[in-house]
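If you want the building blocks of each chain, they are given just below.
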Amino acid sequence: MKSGWRLSLLAIVAAAVSVPAWTQGTDYSQIQIITTKIAPNLYILSGSAGVDPVHQDAAGGRIGVLAGPDGFFMIDAQYAQLSDKVLAAVKQISSEPIRFLANTHIHGDHTAGDPFFAKMGVTIFAREELRDEMLHPPPLANGNPAPARDPAGLPVVTFGLGNPVKLHMNGEVIDLIGVRAAHTGGDTMVRFEKANVIFIGDFYRDFGYPYIDRANGGSLAGMLEGCDFLEKLAGPDTTLVPGHGAIIRRNKIAPYRTMIIGVRDRVQQMIEQGKTEQEVVAAKLTAPYDARVPGGNLTAGAGLTSAERFVSEVYQELKGGAK
Ligand SMILES: [Zn+2]
């Protein structure tokens, strides 16, 4: 049964879904692409701050670029509206062709640029689940079918969990490592063995609270498992690059996991006390962590702050049983 709160939330969402959440209120012409070198031939391309309402720290999702004589390997492709600027930033590094692109997960701030690059001849790698999510997107919150994706952007090479897919180029060994249903159902971490860098994707973030996209197959249990996996995979000096927020070391993972478990346990207690989703969200269970989570109480789209969205997702997962 839907509570009145749930219905009013759905009404807000329905009013906002005529365009995807990540395109609302963003003046793309104001976004610059900033290039940062993090290893001799490895770069990060970030959108500028203060333009994208749902990613105030840096517009869109972070891109990774490995350069060298074998051509570029890219991680993620930003908003479609930024493709020309992303390409210009890559060309500033060198004139080699872009050969491969791997997606960390399906969200539009990471994949909407895929068709642009695929049409240039770039081969896209992603999880089988991500390709499936692109082909069969969940309905919009108002129940209407989601708009179809440009098929040009569909991943060409797909893989599952298990042994990483390895690419050997530009003196690097690149591992594409599947993570079980965490931020979405098709998450991938990308590890550069020689540079000792891991691009995590979005299941870890320290700007805003965790985002468990249950409609696209994400899960709380998978997010915790992903944290454990990352802690084992990374060394103390490994550079960890999330899709959003600060670049970190391994020692940040344990407190993040502790925060998730702390919120989860409080939500579970309130469920056992018979509280509704509205009551649980209104209880501000993230308050003990808010000082350490910049952006936690900023909008995450659809009329919710990221703290409210996180608590609502945790409630729904615990209430509905683990995925
Ligand atoms: Zn995401």
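Quick caveat: nothing in here was measured; it's all calculated off a predicted structure.

Visitor: Can you walk me through the overall build of the protein in this structure?
Guide: Helices and strands together make up the secondary structure of the protein, namely nine helices and twelve strands. What you see for the protein is a C-alpha radius of gyration of 19 Å, in line with the 20 Å of a compact globule of 323 residues. Each principal axis of the C-alpha distribution contributes one length, and for the protein these read about 60 × 40 × 35 Å. Every one of the 323 residues in the protein was classed for burial, and the buried ones make up 52%. Contacts spanning at least 24 positions in sequence make up 65% of the contacts within the protein whose residues lie at least 6 apart.

Visitor: Would you mind going over the sheet that holds strand 4 (residues 72-75) with me for this structure?
Guide: Two modes of strand pairing occur in sheets, parallel and antiparallel, and in both the strands are linked by backbone hydrogen bonds. Across the sheet, seven strands lie side by side as 1-2-3-4-5-6-7; this open sheet has mixed pairing. With partners counted over all chains shown, the strands left at the sheet margins are strand 1 (33-39) and strand 7 (157-159), one partner each. Each neighbouring strand pair of the sheet contributes to a mean axis angle of 20 degrees, computed without reference to strand direction. With three bridges connecting them, strand 6 (residues 123-127) and strand 7 associate as parallel partners. From the neighbouring strand, F125 faces strand 7, where its bridge partner is V157.

Visitor: Sorry, what's going on with the sheet that holds strand 8 (residues 165-169) here?
Guide: Here five strands make up an open sheet; going across it, the order is 8-9-10-11-12 and the pairing mixed. Both outer strands of the open sheet, strand 8 and strand 12 (239-242), are each paired with one neighbouring strand and no more. The mean angle between the axes of side-by-side strands here comes to 20 degrees, regardless of whether they run parallel or antiparallel. Examined bridge by bridge, strand 11 (residues 197-201) and strand 12 share four bridges and lie parallel to one another. In the strand pairing of strand 12, G201 is matched with P242.

Visitor: Help me out: how do you make sense of the environment of K319 in this one?
Guide: Among the structural elements, K319 can be located in helix 9 (residues 306-320). Measuring from C-alpha to C-alpha, the distance between K319 and I271 comes to 7.5 Å, with 48 residues separating the pair along the chain.

Visitor: When you look at the nonpolar core in this model, what are you seeing that I'm missing?
Guide: Soluble globular proteins tend to bury their nonpolar side chains together. By size, the foremost hydrophobic cluster in this structure holds 37 residues, and its most contacted members are M189, F203 and V267. Not counting residues within four places of it along the chain, the set of residues in contact with V267 comprises V280, L285, V311, V314, Y315 and L318. Core analysis: the second largest hydrophobic core is formed by 25 residues, V51, V86, A89 and V122 among them.

Visitor: Just to check I follow, could you spell out the packing of helix 7 (residues 253-272) against helix 9 for this structure?
Guide: Each packed pair of helices is defined by two parameters, the angle between the axes and the distance between the axes. The geometry of helix 7 relative to helix 9 is characterised by a closest axis approach of 10 Å and an angle of 60 degrees between their N-to-C directions. The angle between helix 7 and helix 9 falls in the class oblique. Remark: the crossing between helix 7 and helix 9 carries right-handed chirality. Two secondary-structure elements touch here, helix 7 through M259, I260, V263, R264, V267, Q268 and I271 and helix 9 through F310, V311, V314, Y315, L318 and K319.

Visitor: Is there a simple way to think about the environment of Q78 in this case?
Guide: With respect to the secondary-structure elements, Q78 resides in the loop between strand 4 and helix 2 (83-93). You can call Q78 buried: its relative accessible area is 0%. Once the C-alpha coordinates of Q78 and G296 are considered, the two residues, 218 residues apart in sequence, prove to be 22 Å apart. When near neighbours in sequence (up to four residues on either side) are disregarded, Q78 contacts G47, A59, G60, G61, I63, V86, G108, D109, H110, T111, A112 and G113. Here the side chain of Q78 touches G61 through a polar contact of 3.2 Å, landing on its backbone oxygen.

Visitor: Hey, could you run me through helix 5 (residues 128-135) in this one?
Guide: Buried within helix 5 are the following residues: L130, E133 and M134. In a view along the axis of helix 5, the buried residues occupy a sector of 100 degrees, so they form one face of it. Packing partners of the buried residues in helix 5 comprise helix 3 (108-111), helix 4 (114-119) and strand 6.

Visitor: Is there a simple way to think about the pairing of strand 9 (residues 172-179) in this case?
Guide: The side chains of a regular strand alternate between the sheet's two faces. With seven of its eight residues buried, strand 9 lies for the most part within the structure. Here five bridges tie strand 8 to strand 9, and the two strands are oriented antiparallel to one another. Bridge assignment links L167 to a residue of strand 9, and that residue is I174. As consecutive antiparallel partners, strand 8 and strand 9 are separated by two residues, and within that stretch N170 has a phi angle of approximately 55 degrees, a positive value. The pairing of strand 9 with strand 10 (residues 187-192) spans six bridges and is antiparallel. Each bridged residue has a counterpart across the sheet, and for I177 the counterpart in strand 10 is M189.

Each value, and the rule that gives it
Residues numbered from 1 in each chain as written. Predicted model: local features only at pLDDT ≥ 70, side-chain atom pairs only at ≥ 80, totals over all residues. Heavy atoms only, no water. Helix = DSSP H or I, 4+ residues; strand = E, 2+ residues; numbered from the N terminus. Rg over C-alpha atoms; globule rule 2.2 N^0.38 Å. Buried < 20%, exposed > 50% of the residue type's maximum accessible area, 1.4 Å probe, protein only. Contact = heavy atoms within 4.5 Å. Pairing = 2+ DSSP bridges. Axes fitted to C-alpha atoms, helices over the stretch in contact; angles between N-to-C directions. Core = buried A, V, L, I, M, F, W, Y, C linked by side-chain atoms within 4.5 Å. Parallel < 35°, antiparallel > 145°, perpendicular 65-115°, else oblique. Left-handed = near helix turned anticlockwise from the far one by under 90°. Polar contact = N/O pair within 3.5 Å; in protein donor to acceptor, adjacent residues only side chain to side chain. Arc of directions from axis to C-beta.

The values are spatial; any link to function lies outside them.
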